[in-house]
Amino acid sequence: MKIFVLQDDEFLTEKNCGDDILFEDGKSYVLVYEPRYYELVENSNFGEHILKLCVNSEGFAIYEFSVSACRARREPVKEI
């Protein structure tokens, strides 16, 4: 099943997409073919966003949704 993914009313880009995102004609989407976690968005900075998942299928349901925040780059520890 193809699910279009938008952040702040815009399709994702190569800079903020997760590993499972694909692109077609400038539109970001994920193909859901089994029950598992899908990586949709990877923002480089912390912030508030609105995520929209657009589906054209009856019977589709999301049972769990997870959000995590962590720094991708860590500052080196200074020796004392």
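Structure: above.
On a predicted model such as this, the values are computed, not experimentally measured, just so you know.

Here is what the cut-offs are and how they apply
- Residues numbered from 1 in each chain as written.
- Predicted model: local features only at pLDDT ≥ 70, side-chain atom pairs only at ≥ 80, totals over all residues.
- Heavy atoms only, no water.
- Helix = DSSP H or I, 4+ residues; strand = E, 2+ residues; numbered from the N terminus.
- Buried < 20%, exposed > 50% of the residue type's maximum accessible area, 1.4 Å probe, protein only.
- Areas by Shrake-Rupley, 256 points an atom, 1.4 Å probe, with all protein chains shown as cover.
- Salt bridge = Lys/Arg side-chain N within 4 Å of Asp/Glu carboxyl O.
- Polar contact = N/O pair within 3.5 Å; in protein donor to acceptor, adjacent residues only side chain to side chain.
- Contact = heavy atoms within 4.5 Å.
- Patch = residues over 30% accessible without salt bridge, like charges linked within 9 Å, V, L, I, M, F, W, Y side chains within 5 Å.
- Phe/Tyr/Trp six-rings, centres within 6.5 Å; stacked < 30°, edge-to-face > 60°.
- Lys NZ or Arg CZ within 6 Å of the ring centre and 35° of its normal.

(A) Structural detail: the overall build of the chain. When helices and strands are counted, the chain shows zero helices and five strands. The order of helices and strands in the chain, counted from the N terminus, is β-β-β-β-β. In the chain, buried positions account for 18% of the 80 residues. Here the chain displays about 7300 Å² of accessible surface, and carbon together with sulfur accounts for 49% of that area.

(B) Structural context of the pattern of salt bridges. A complete count under the given rule lists four salt bridges for this structure. Note that Glu 24 and Lys 2 form a salt bridge whose closest N and O atoms lie 3.3 Å from each other. Within this pair, whereas Glu 24 is found in strand 3 (residues 22–24), its partner Lys 2 is found in strand 1 (residues 2–7), the two being separated by 22 residues in sequence. Given a relative accessible area of 39%, Glu 24 falls into the partly exposed group. On the accessibility criterion, Lys 2 (30% relative accessible area) is partly exposed.

(C) Examining the side chain of Ser 28 more closely. Looking at where Ser 28 falls in the secondary structure, it is placed in strand 4 (residues 27–31). With relative accessibility at 0%, the residue Ser 28 sits in the buried group. A distance of 2.6 Å separates the side chain of Ser 28 from the backbone oxygen of Val 5, its partner in a polar contact. A distance of 2.8 Å separates the side chain of Ser 28 from the backbone nitrogen of Leu 12, its partner in a polar contact. Beyond its immediate stretch of four places on either side in the chain, Ser 28 contacts Ile 3, Phe 4, Val 5, Phe 11, Leu 12, Ile 21, Leu 22 and Phe 23.

(D) Representation of a nonpolar patch on the surface. Side chains of Leu 51, Ile 62, Phe 65 and Val 67 sit close together on the surface and give an oily, nonpolar patch of about 400 Å² of accessible area. For Leu 51, the position within the fold is in strand 5 (residues 51–54). A relative accessible area of 33% means that Leu 51 is categorised as partly exposed.

(E) View of the environment of Glu 48. Considering the arrangement of structural elements, one finds Glu 48 in the loop between strand 4 and strand 5. Classification of Glu 48 as exposed rests on a relative accessible area of 78%. Taking the C-alpha atoms as reference points, Glu 48 and Asp 8, 40 residues apart in sequence, are found 9.3 Å from one another.

(F) Spatial organisation of the packing of aromatic side chains. For the coordinates displayed, the defined rule picks out three aromatic pairs. With a centroid separation of 6.3 Å and an interplanar angle of 75°, the aromatic rings of Phe 4 and Phe 11 are classed as edge-to-face. The exposure class assigned to Phe 4 is partly exposed, which follows from its relative accessible area of 25%. Using a relative accessible area of 28% as the deciding quantity, one classes Phe 11 as partly exposed. Look at Tyr 33 and Tyr 38: their rings are 6.3 Å apart centre to centre, the planes differ by 85°, and that puts the pair in the edge-to-face class. A relative accessible area of 59% means that Tyr 33 is categorised as exposed. Above the plane of the ring of Tyr 29 lies Lys 2, whose end atom (NZ or CZ) is 4.5 Å from the centre. Cation over ring: Arg 36 sits above Tyr 38, and NZ or CZ is 4.0 Å from the ring centre.

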